[in-house]
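Chain residues, written in single-letter form:
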Amino acid sequence: MAALMRPGGTDDGGGSAVTTAPAGLVGGWSGGVSGAGSVRRMGRAITSNRKATAGTALLVLFILIGLFPGVIAHDDPSAQVYARSLGPSGAHLLGTTAFGQDLFAQVIYGTRPVLLIAFGAGLGATFLATLIGVAAAYLGGAWDGVLNLITDVLLVIPAFPLLIVIASYLHGAGTGVMIAVIICVSWSYTARQLRAQARSLRNREFLEAARVRGERSLYIIAVEIIPTMTSLLVAAFLTNALYAVLFSSSLQFIGLGNPEVVSWGTMLYWAENSEAFQTGQALWILIPGLCIVALGAAFALLNYAFDEIGNPALRPVRSIRGNRVKRPK
Amino acid sequence: MRRLKVIGVLIAAGVLAAACGTSSSPSSSKSSGPSGALTIDNESGGTWTCDFNPFNLSYLPYSLGPVYEPLAFVNTLQSGKASPWLASSWTWGAGNKTLTFTIRKGVKFSNGNPLTAADVAYTFNLLKKYPVLDINAVWSVLSGVTQQGSDQVVMTFKTAAVQYFYYIADQVGIVDQSVWSKISNPSTYPDKNPVGTGGFTVSSKTCTPQNIKYTANTHYWQKGEPKVGTVNYPSFLTNDTANTYLANGQAQWGSQFIPSIKSFYTSKNPNYHYWFPPVANVSMFINLTNPLLKNVAVRQAMAYAIDRQKASTIGEYGYEPASNQSGIVTPTFSSWLDTSQASSFGNNYAYNPSKAISILQAAGFKRGSNGIFQSPSGQPLSFTILNNGGFSDWVAAVQTIQTSLKAIGIAVTPENLAATTYQSDLYSGKYQLAYGSETGGPTPYFELRQWLDSANSAPIGTAAGSNWERYSNPATDALINQYGATTSAAQQHSIVDQLEKVMLQDVPVIPVTESVDWFQYDTGSFTGWPTPGNPYAQPAAYNYPDWGQLMLRLVPKG
Amino acid sequence: MRFVLRRLGFFAVTLWAALTLNFLLPRMMPGNPALAIMGKFKGPVPPQALKALYAQFGLNSHQSLLSAYGTYLGDVSTGKFGISLTTQPGNSVGRIVLDAIPWTLGLVGVTTVLAFVLGTGIGIVGAWWRGGRLDSILPPIFVIMTVVPYFWVGLVLILVVGVKLHWLPYFFSYNYTLTPGLSGAFIGNMLEHAILPAFTLLITTIGTWILTMRNTMITTLAEDYVRMARAKGLPGRRIMLDYAARNAILPNLTGFAMSLGFVVGGAILIEEVFNYQGVGYLLLQAVNNDDYPLMQALFLLITVAVLVAILISDLATAILDPRTRGAR
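A brief structural summary. (Residues numbered from 1 in each chain as written. Chains lettered and ligands numbered in written order. Predicted model: local features only at pLDDT ≥ 70, side-chain atom pairs only at ≥ 80, totals over all residues.)

## What to know about the overall build of chain C
Put simply, the test is: Under the scheme used here, helices are H or I runs from DSSP no shorter than 4 residues and strands are E runs no shorter than 2 residues, and both carry numbers assigned from the N terminus. For the exposure call, what matters is how many other C-beta atoms sit within 10 Å of a residue's own: 20 or more marks it buried, 12 or fewer exposed, and in between partly exposed, using C-beta atoms placed from the backbone. For every residue pair, C-beta atoms are placed from the backbone, and the pair is scored as a contact if these atoms sit within 7 Å.
Counting its regular elements, chain C contains 14 helices and 0 strands. Order of helices (α) and strands (β) in chain C, N terminus to C terminus: α-α-α-α-α-α-α-α-α-α-α-α-α-α. Here chain C holds 328 residues, and 51% of them are scored as buried. Across chain C, contacts joining residues at least 24 apart in sequence account for 72% of those joining residues at least 6 apart.

What follows is the structure, encoded as structure tokens:
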């Protein structure tokens, strides 16, 4: 099976984010495995795969910062109370902005909205996709036709332009609105994957058994089908979260977010508006950008690692085949 | 020139950026003709469409002045001093109800046709026939425009409206009757190849989506003008791309807000200068239909409590000086400021938080447990302030207002909205407090009228052209109309003094900082720029027809 | 034949959905273009002008939503997108858009093809010499590059390569003082202006192709027919290209076809930071000015481009591979 590329190599505005669907997972080790089992497996995988370890560590770091920004930074991130455009010093680790705000505090406090969007939109899109994808597959018939059509239509409508158009109508979208909009434009890809996966399960024995037991559809979907797709769901979440980070930062950078929210994307917006690069304040642009990269890398590394875990063929080195033997890593 | 620069840059990578700006005019054939290429740097917000219809607000900024010329030039920076342009002279008559222009002889359109009084009369009657073209609403005061004799045009007014001279004489470009009479629908006519009398020509051949190229009109009626051979006006989507372009010496005439201008611009080359002459105010508008804000004591308290200097320094990098409550923009209109009158109002409402508090207490307001003043009936002085979130300087300035007002017990919450929402809310009166600016005009009267004339207002829910605070006072309206009936400077000054008193007594709006003309210039390759000592026109390239004056006066350096 | 009809049906439904979205979205927003223009002009705009602007934009007429929808569908079906609000009069939206398309096709199109070819190549080689020097350096670097916001990369490159080092021009699609034409000087200048934006796009998108190709290639290398080829002792290069790569690349071609469709949508932020006048630039211009007709036309154009690309790739696959015709 091919690793599918998510459509829109260049339309996402932010980066093109590797989104190889963990196709291997689908056939590889998901069918019929109980939910708890696969979670345990994942835990083991995280510790054994270097990419997964690095990704997890980064993500946990950002989550901690996002949860407790006040512990790390002591300044109010929006208060314009210091001298303008100071360089880095003991008092201001990264200096101050052209508006006299502490840059370090902005970076630290800016983490939370980004994470909220990443997790909110990531989980939201994955949830919506599950609902629609699995419902389509399970209900079949006309339902499947309609839901599948909606999914396919949304899949080909370019997401980033649509996002820009919607955001421009909303004017200054705050975090909540941003999450909602990103969910709306980004669930379709996952829904399609999940539908395919759920269809392949439809006639499996354990579902037949449940049906024979007289379980309700909802129960079957929630308890029997969805747990078998845990690994696929995790991968979908990682992809959606990564996209949400890139989408939202891009929108904020062009001024389509709420400029009052302190987050990495709006920091870039203000920095670019203040000509930070050419007025000796490169850090104002570099640091938020690097933070976006680091968070994005965390999601991408995890995704990459899950791909390898799911598809043993992709695991690094080990000369399984009689290929020219290379140096071990 | 730019091409040479690019190639040069490629060859000698690492050469100073600053040097590029001075590498201009390689033309050795410096006879008497126009020479040199000047580049304007001003964010256009998109690509050019290469239309130059002088009666369309979207395009006239790119044709009125250098291509189409008006009858007279009214200089805002010299208190509205009018000088002849296409009209050689004019007189008011019949109790200031007729205005007679004598049209200059020897002026030719770029197609060779001579300019006649008939063309001028035709132009104004075209605006009457197509009200859509009359963007300055000159026909709201005019009753007729006719040719008189061979070289005169007589305009008759419904009522005396002297202040309309600015809109009639300075803001309407004169067109060639033989060209425009053949156009079936002038309101949608794109005018790709404009035929004007101006010092420069432009056509569909010299305009691309990326750049408008204005070429010197070698048959211009002012002998020896213009001296600049070409003016390029490239298009920029955003302010910061345009700023980068300017600061790296690729343009000589900037017209934008530049943050940290010293480190970003002037420090890069000794030839780089800027001048930001103030022309109007940025004010806090107060919705006078709000029951709490109706109370003049609350408004006066706010006028004392706002630290205008801080708003200027923090919000505007000090580029936009602090305003005064009289509403007179200084130093541009200093001669209009009635200082003795203003000093009796706490030195023109100079920053004085304790006075603000005592005014509120005297009016029966008491501090609540949270430190916020409450009206006798228990309503807290807590308001939202509408603001344009797209203007980073305004957002910062409003934050200082928030701090200032909080210090005296008035709570203010900023609502930073995107431009269109902001505007529709402001115009239709859906706000409590709002930060914004009117356009002003060649004398302080224009801005005061925009603020105070009830005719400019509208009921809440309907868009008002100006007077967004909905101020209405018959006595003030009468004053405003008196101004239109007099050409005497002394009387005009006296009327403006009385309007200043309205501002001081009633505090319908609170001017916070002055709004300025953004203007940066490079003396390395061109001289003749307007300066504080020689303010011959408003210097930013977006001022029409003023920029046409600059293009005529600039001289390439040999 | 049924397959073709079904794809055409899907094409029509999607088009209708995009059209309807297009119609509904602008009507949910506050503000109007006359106000936007008033705000846009920094110079003196007398208050009286507001009325004239309302008249110019025909904003005084009121129409029910349903009848407006009817008019809209009728207009669009006859190719009338209306007059661009910020660029009227006389400039049909179509004309403005046509001016922008070639620039985006040139810049983003060529870069997309380059990214695919290079990325696929690196993927093939990386998978073949798995764990080798190339494989342990390039894929990880470029995979990380895919999560870097490319507008940010653009900003850094403009500063370093353009502003500081003066190696390359960084704004505009060509030196605007040149007359566009087929002269060598003009073409050279145009290419020079494309280098920075293209490079930015290339290094941030190539990772996707590298990874997908590398992964499918690795999976393919484990297939029996490849083992068989090896067992037969065929030369390595032949196995790599003719056996493994040829089959591994097939699934990626669909993705490639789709991404070609997305080319028209452009690299929106790239065009913004490089002041490069393509379709994406135009979209942001429309957004900044609340120019609905322009925005609608662009969004539709971008969607149709994707649809056409998908349709072509579907039909091509159907013709080339009969098995797909029955499948869904």
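## Thoughts on the overall build of chain B
To be explicit about the condition: Radius of gyration here uses only the C-alpha atoms, and the compact-globule reference equals 2.2 Å multiplied by the residue count raised to the power 0.38.
A tally of helices and strands in chain B yields 18 helices and 23 strands. By the compact-globule yardstick of 24 Å for 558 residues, chain B fits well, its C-alpha radius of gyration being 25 Å. Of all 558 residues assigned to chain B, the portion counted as buried reaches 58%. Long-range pairs, those at least 24 residues apart, make up 70% of the contacts in chain B with a sequence separation of at least 6.

## A short note on helix 18 (residues 546-553) of chain B
Residue and element names in this part refer to chain B. Counting buried positions along helix 18 gives 7 out of 8 residues, so the element sits mostly inside the fold. Residues Asp546, Trp547, Gly548, Gln549, Leu550, Met551 and Leu552 constitute the buried set of helix 18. Looking at the packing, one finds that the buried side of helix 18 touches strand 2 (72-75), strand 8 (200-201) and strand 11 (228-234).

## Remarks on the nonpolar core
Put simply, the rule reads: Linking buried Ala, Val, Leu, Ile, Met, Phe, Trp, Tyr and Cys residues through C-beta atoms within 7 Å yields a set, and such a set is a nonpolar core.
Residues Leu163(A), Ile182(A), Val245(A), Leu283(C) and Leu298(C) are the most contacted members of the largest nonpolar core, which totals 355 residues. In this structure Ile182(A) touches Ile117(A), Ala121(A), Ala244(A), Phe247(A) and Ser248(A), once residues within four positions along its chain are discounted.

## Some remarks on the sheet that holds strand 20 (residues 509-516) of chain B
All names here are of chain B. Spelled out, the test is: A pair of strands is treated as paired once DSSP finds two or more bridges between them. Lines are fitted to the C-alpha atoms to define the axes, a helix being fitted only along its stretch in contact, and any angle between axes, read from their N-to-C directions, falls within 0 to 180 degrees.
Judged by pairing direction, the sheet is mixed, and its 5 strands sit side by side in the order 18-17-19-14-20 without closing on themselves. The open sheet has two edge strands, strand 18 (411-417) and strand 20, and neither has a second partner. Strand-to-strand twist in this sheet, taken as the mean axis angle between neighbours without regard to direction, amounts to 25°. As paired elements, strand 17 (residues 382-388) and strand 19 (residues 433-437) share 2 bridges and run parallel to each other. Opposite Leu386, over in strand 19, you have Ala434 as the bridge partner.

## Observations concerning the interface of chain B and chain A
Selection criterion: Put simply, Ala, Val, Leu, Ile, Met, Phe, Trp, Tyr, Cys and Pro go in the nonpolar bin, Asp, Glu, Lys and Arg in the charged bin, and everything else, Gly too, in the polar bin.
The partner chain A presents 17 residues to the 19 residues of chain B that form the contact. Broken down by class, the residue content of the side of chain B that touches chain A amounts to 8 nonpolar, 10 polar and 1 charged.

## Remarks on the packing of helix 9 (residues 308-316) of chain B against helix 13 (residues 392-407) of chain B
Residues and elements named next belong to chain B. So the rule is basically this: Here a crossing is called left-handed whenever its near helix is offset anticlockwise from the far helix by less than a right angle, and right-handed whenever the offset is clockwise.
Where helix 9 contacts helix 13, the two axes come as close as 8 Å, and the packing angle between them is 145°. Here the hand of the crossing between helix 9 and helix 13 comes out right-handed. Within the contact between the two elements, helix 9 uses Lys310, Ala311, Ile314, Gly315 and Glu316 and helix 13 uses Asp393, Trp394, Ala396, Ala397, Thr400, Ile401 and Ser404.

## Thoughts on the sheet that holds strand 7 (residues 152-157) of chain B
Residues and elements named next belong to chain B. Strand order in the open sheet formed by 4 strands is 4-5-7-6, with antiparallel pairing between adjacent strands. Edge strands, defined here as strands with exactly one partner in the open sheet, are strand 4 (87-93) and strand 6 (142-148). Averaged over all neighbouring strand pairs, the angle between strand axes comes to 15°, with direction disregarded. Where strand 6 meets strand 7, 6 bridges bridge the pair, whose relative direction is antiparallel. Considered in strand 7, the bridge of Gln147 is made with Val153. Of the strands in this sheet, strand 5 (98-103), strand 6 and strand 7 are in contact with helix 3 (residues 117-129), which crosses strand 6 at around 160°.

## Some details on the packing of helix 7 (residues 141-156) of chain A against helix 10 (residues 188-201) of chain A
All names here are of chain A. Put simply, the rule is: Any angle that falls under 35 degrees is termed roughly parallel, while one over 145 is termed roughly antiparallel, one within 65 to 115 roughly perpendicular, and all others oblique.
The geometry of helix 7 relative to helix 10 is characterised by a closest axis approach of 8 Å and an angle of 135° between their N-to-C directions. Here helix 10 runs oblique to helix 7, going by the angle between their axes. With respect to the hand of their crossing, helix 7 and helix 10 are arranged in left-handed fashion. Contacts between helix 7 and helix 10 involve Asn148, Thr151, Leu154 and Leu155 on the former and, on the latter, Ser188, Tyr189, Ala191, Arg192 and Arg195. Split into classes, the residues belonging to the contact of helix 7 with helix 10 amount to 4 nonpolar, 3 polar and 2 charged.

## Side note on the environment of Lys557(B)
Residue and element names in this part refer to chain B. Secondary-structure assignment places Lys557 in the segment after strand 23 (555-556). On the basis of neighbour counts, which here come to 14 C-beta atoms within 10 Å, the residue Lys557 falls in the partly exposed class. Among all residues touching Lys557, those that are not within four sequence positions of it are Ser525, Phe526 and Thr527.

## A look at unusual backbone geometry
Cis geometry marks the peptide bond from Glu225(B) to Pro226(B); its omega dihedral reads -15°. Tracing the sequence through the fold places Pro226(B) in the loop between strand 10 (211-216) and strand 11. Here the phi dihedral of Ala137(B) falls at roughly 55°; this positive angle occurs in a residue that is not glycine. Examined against the element boundaries, Ala137(B) turns out to sit in the loop between helix 3 and strand 6. A residue is classified by how many C-beta atoms lie within 10 Å of it, and Ala137(B), with 20 of them, is buried. Positive phi values are uncommon outside glycine, yet Asn275(C) reaches one of about 45°. Residue position: Asn275(C) is located in the loop between helix 11 (268-273) and helix 12 (279-289). You can call Asn275(C) buried: it has 25 C-beta atoms within 10 Å.

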